[in-house]
Amino acid sequence: MMLPSGSAGTPRDSNGDYMAMAIEARPEPVAYIEQTRSQYDGLGYPPYQWFEAEGAPALAKISRPLSESKLGLISTAGTYVAGQQAFYYKDDASIREISSETDVGDLRFAHIMENYLVEAWQDPGVVFPIEPLRQLKRKGVIGELADDFFSCMGGIYSQRRVNEELIPDLEAAVDRQQLDLLLLVPL
Amino acid sequence: MPTLILGSAFDILLAGMPPRAMFLNYPLGFETGKPFDRAHQFEVVEAALAEFESFEKPGIKALPYEWLAGWEMTRERARQGGADSRSPRDTTPRYQKEEDRLLFEEKLKGKTDGT
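Notes on the structure follow. (Residues numbered from 1 in each chain as written. Chains lettered and ligands numbered in written order. Predicted model: local features only at pLDDT ≥ 70, side-chain atom pairs only at ≥ 80, totals over all residues.)

A word on the overall build of chain B. Looking only at helices and strands, chain B features four helices and three strands. In sequence order, chain B lays out its α and β elements as β-α-β-α-β-α-α. For 115 residues, the compact-globule estimate of 2.2 N^0.38 gives 13 Å, and the C-alpha radius of gyration of chain B, at 19 Å, exceeds that figure by more than 25%. C-alpha extents for chain B along the principal axes are approximately 55 × 40 × 30 Å. Evaluated residue by residue, chain B yields a buried proportion of 38% over its 115 residues. Long-range pairs, those at least 24 residues apart, make up 44% of the contacts in chain B between residues at least 6 apart in sequence. (Helix = DSSP H or I, 4+ residues; strand = E, 2+ residues; numbered from the N terminus. Rg over C-alpha atoms; globule rule 2.2 N^0.38 Å. Buried ≥ 20, exposed ≤ 12 C-beta atoms within 10 Å, placed from the backbone. Contact = placed C-beta atoms within 7 Å.)

All right, on to the packing of helix H2 (residues 130–138) of chain A against helix H2 (residues 38–50) of chain B then. Between H2 of chain A and H2 of chain B, the shortest axis-to-axis distance is 9 Å and the interhelical angle comes to 65°. Taken together, the axes of H2 of chain A and H2 of chain B are roughly perpendicular relative to one another. In this structure, the crossing between H2 of chain A and H2 of chain B has a hand that is right-handed. Across the interface between the two elements, Glu131, Pro132, Leu133, Gln135 and Leu136 of chain A from H2 of chain A touch Arg38, Gln41, Phe42, Val45, Glu46 and Leu49 of chain B from H2 of chain B. For the contact of H2 of chain A with H2 of chain B, a count of residues per class yields six nonpolar, two polar and three charged. (Axes fitted to C-alpha atoms, helices over the stretch in contact; angles between N-to-C directions. Parallel < 35°, antiparallel > 145°, perpendicular 65-115°, else oblique. Left-handed = near helix turned anticlockwise from the far one by under 90°. Nonpolar A, V, L, I, M, F, W, Y, C, P; charged D, E, K, R; others polar.)

Within the element layout of this structure, proline 57 of chain A appears in the loop between helix H1 (32–43) and strand E2 (70–75). Residues proline 57 of chain A and tyrosine 18 of chain A, spaced 39 residues apart in sequence, show a C-alpha to C-alpha distance of 8.2 Å.

Side chains of a nonpolar character, in soluble globular proteins, are inclined to be buried together. Residue and element names in this part refer to chain B. In terms of nonpolar packing, the biggest core is built from 68 residues, with Leu6, Leu13 and Met22 touching the most fellow members. The dominant element in this core, judged by the number of residues it contributes, is H2, at five residues. Not counting the four nearest positions on each side in its chain, methionine 22 is found in contact with Leu4, Ile5, Leu6, Ala48, Glu51, Lys61 and Leu63. (Core = buried A, V, L, I, M, F, W, Y, C linked by C-beta atoms within 7 Å.)

Okay, here's the thing in structure tokens:
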């Protein structure tokens, strides 16, 4: 195993309980944390706090294969459907339910990282894989899709609101879907 | 519940140590593939999900795709102030299209009127 050195960081888990596979592709992964810290420092804004794990997590056991499983999706791209209220930029901890049958042309995005959405605004398939998931269901690779997928704002400054509002709401929403597996696509 | 993350920010993934993560070494904003290439988007999602059951311990695996479109766009984004254009942080919904705002307000009005 080779971790990219330096700017992309190394895990704090030194017991070898967390695996990070060799990154063969070049260039070396972009160091987003460092990049954003220096940008915010330069502008005089307080630093953005990413979640930092204390150690390697447990691996939840998979009870049945994907082809027999009901799969859900959570996107943090600020996805909403035309007709729903868009996300706002000041610590929006709300979620949107997005039917897994939604027409791709009705998908929209509102996220504080606007410059990362330029292409998604034209082709939602770059961050919200609703069409590939439907194709995989039709092919029998996925057993079943959740009736509703979920989306939230991926840029929230208040970790309190994330922990006390967003995560419990997402957990309850996911529970209602009675899923076997969950795909997460962060922006 | 078993989860799988498909993401493109390696350092942020590493900080969070998710149980199962597939890393796609593309610029942010293309976590599920290149724009206007449905076949490729399907391939990326299929390849990521194919690994769901393969994790014997928690960690991050890399998908074997290379961003050939050039990384100049990331430098260009940095020149423009980074990903974050620092639009005002307020509670005004940021509709992608003005017609979305009108559609939502129309629906809200319908609910309020009971129509």
